[in-house]
Amino acid sequence: MDNAQPPQIAGRTLPGGEYRITADENRRLCEALYTTPNPDGTAHAIYAYIATQSGMGVSVDGLLALCEFDAADGPMLGSSNTQYLQPIRTDVTYRIGGEVLALTRKSSKKLGTIDILEYRLSMDSPSGERIVDITNTWILPRRAAK
Amino acid sequence: MHVGDLLPVWRIDSVDPANMRELAGVLRDPNPIHLDAAAVQRLGLGDRVINQGPANLAYIVNMLSAALPGAVLLQLDARFLANVLGADAVEAGGRVVSVEADAAGTRIGCEIWLNVADRGAAVAGGAMLLLASPRPRVNP
């Protein structure tokens with residue numbers, strides 16, 4: 001690839017999809033996270049990340065491929081910023097959507113040339129009410145780039 | 001609740017690789033770095049399995065839920081700084097940085113973190129929670 005600039009993918013819409021958190025899955029997740037499920041039917045808040053990531057319609061490897069980056073080259077989750085607009089509930093099928101906000105090349109003292117992938121995902125209820133907005137960044141070390 | 005208050009810490013004495021395997025199933029994440037120490041070694045990343053990043057953030061959510069029961073999480077911002085490894089001892093904590101009352105209740109802003117014993121911060125960031133005002137009594 002031309003290493004001068006990363007691929008121009010800002011604004012690319014992700015396919016999106018659906019995600020349903022069953023009560024049993026939430027229970028198993030809570031146990032693995034050393035906690036207990038909420039008795040009121042709300043799911044663990046970390047599902048804002050899990051459900052949007054799993055329901056965005058493309059795998060992480062596929063998302064990285066859009067950036068012309070091989071997942072075997074060691075991508076790192078950099079940050080995650082979540083706005084909770086409504087509680088996340090079990091046994092509701094949510095609609096997930098998203099878009100790439102930016103892919104920016106930078107220089108890191110520790111990692112050399114890196115690209116920062118920034119993308120936004122949303123989770124909506126079946127009636128179209130926004131439940132979650134989340135923006136994640138991944139750090140992509142460009143070992144071959146100069 | 002006052003600015004500067006420390007939230008009670010939430011600890012795991014030893015992050016269990018068995019829990020990583022269970023999480024891998026829920027997360028549909030087959031990455032061998034969470035499952036197989038030999039795979040971690042082959043990649044030059046050490047000799048212990050690596051915990052899933054969302055799990056590290058979830059420990060902070062657990063801390064907030066325990067420290068502020070009944071509060072609603074409005075915003076959660078996190079930077080992932082380092083890995084948590086199998087058998088690590090971790091401690092989630094936080095500090096109140098703002099307290100503001102409005103019609104909906106009291107909004108509590110917190111600095112948050114997850115520290116690994118002997119290695120320092122794995123996650124750092126901030127959170128905003130809402131403690132709802134009690135509903136006014138309605139006279140019969």
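Residues numbered from 1 in each chain as written. Chains lettered and ligands numbered in written order. Predicted model: local features only at pLDDT ≥ 70, side-chain atom pairs only at ≥ 80, totals over all residues. Heavy atoms only, no water.

So, the interface of chain A and chain B
What counts is decided by this rule: We call two residues in contact whenever any of their non-hydrogen atoms come within 4.5 Å of each other. Put simply, buried area is how much 1.4 Å-probe accessible surface two parts lose in total, over both of them, once they are put together. By convention in these notes, a salt bridge is any Lys or Arg side-chain nitrogen within 4 Å of a carboxyl oxygen on Asp or Glu.
Each side of the interface is counted separately: chain A has 24 residues, and chain B has 26 residues. Area buried by chain A at its contact with chain B is led by Leu-33, Tyr-34 and Tyr-84 of chain A, which between them contribute 28% of it. At the junction of chain A and chain B, the tally comes to one salt bridge. As a salt-bridge pair, Glu-22 of chain B and Arg-28 of chain A come within 3.0 Å of each other at their nearest N and O atoms.

Some details on the pattern of salt bridges
To keep it simple, the criterion reads: A helix here means a DSSP run of H or I that spans at least four residues, while a strand means a run of E at least two residues long, and both kinds are numbered starting from the N terminus. Only protein chains enter the area calculation, which uses a 1.4 Å probe; residues under 20% of their type maximum are buried, those over 50% are exposed, and those in between are partly exposed.
Taken as a whole and judged by the stated rule, the model has 14 salt bridges over all chains. Note that Asp-24 of chain A is salt-bridged to Arg-27 of chain A, the shortest N-O span being 2.6 Å. Taken together, the residues Asp-24 of chain A and Arg-27 of chain A, both in helix α1 (residues 23-32) and three residues apart, mark about one turn of the helix. Between Arg-130 of chain A and Asp-124 of chain A there is a salt bridge whose closest N-O contact spans 2.3 Å. A relative accessible area of 33% means that Arg-130 of chain A is categorised as partly exposed. With a relative accessible area of 17%, Asp-124 of chain A lands in the buried category. One continuous salt-bridge network, built from bridges that share partners, spans Asp-24, Arg-27, Arg-28 and Glu-31 of chain A together with Glu-22 of chain B.

Some details on the nonpolar core
We apply this condition: Grouping buried Ala, Val, Leu, Ile, Met, Phe, Trp, Tyr and Cys residues that are joined through side-chain atoms within 4.5 Å yields what is termed a nonpolar core.
Formed by 72 residues in total, the largest nonpolar core has its most connected members in Ile-88 and Leu-117 of chain A together with Leu-64 of chain B. Among the elements that line this core, the one with the most residues is helix α3 (residues 53-67) of chain B, at nine residues. Contact partners of Ile-88 of chain A, with chain neighbours within four places excluded, come to Ile-21, Gly-41, Thr-42, Ala-43, Ala-45, Tyr-47, Ala-48, Tyr-94, Met-123, Ile-131 and Val-132 of chain A.

Considering a nonpolar patch on the surface
Under the convention used in this document: Only residues whose relative accessible area exceeds 30% and that form no salt bridge enter a patch; like-charged residues are grouped when within 9 Å of one another, and nonpolar side chains (Val, Leu, Ile, Met, Phe, Trp, Tyr) when within 5 Å. All accessible-area figures derive from a Shrake-Rupley calculation using a 1.4 Å probe, and residue coverage is judged against the displayed protein chains alone.
On the surface, a cluster of nonpolar side chains totalling about 250 Å² of accessible area is made up of Met-1, Val-3 and Val-99 of chain B. Within the fold, Val-99 of chain B resides in strand β3 (residues 90-102).

Comments concerning the packing of aromatic side chains
Geometrically, a pair of aromatic rings is defined through the distance of the ring centres and the angle of the planes. Operational definition: Pairs were defined over the aromatic rings of Phe, Tyr and Trp, the Trp ring being its six-membered one, requiring ring centres within 6.5 Å. Orientation was assigned from the angle between planes: stacked under 30 degrees, edge-to-face over 60, tilted for the rest.
Inspection of every chain in the model, using the stated rule, returns three aromatic pairs over all chains. Between the aromatic rings of Tyr-19 of chain A and Tyr-47 of chain A, the centroid separation amounts to 6.4 Å while the plane-to-plane angle is 45 degrees, which identifies the pairing as tilted. Here Tyr-19 of chain A, found in strand β1 (residues 13-20), pairs with Tyr-47 of chain A, found in helix α2 (residues 47-55); they are 28 residues apart in sequence, far enough to count as distant. Like Tyr-19 of chain A, the residue Tyr-47 of chain A is buried in the burial classification. Relative to Tyr-59 of chain B, the ring of Trp-10 of chain B lies with its centre 5.7 Å away and its plane at 25 degrees, an arrangement referred to as stacked. One end of the pair, Trp-10 of chain B, is in strand β1 (residues 6-12); the other, Tyr-59 of chain B, is in helix α3, and 49 residues separate them in sequence. Each member of the aromatic cluster is reached from another via a ring pair, and the members are Tyr-34 of chain A together with Trp-10 and Tyr-59 of chain B.

That's the geometry; what it means functionally is another story.
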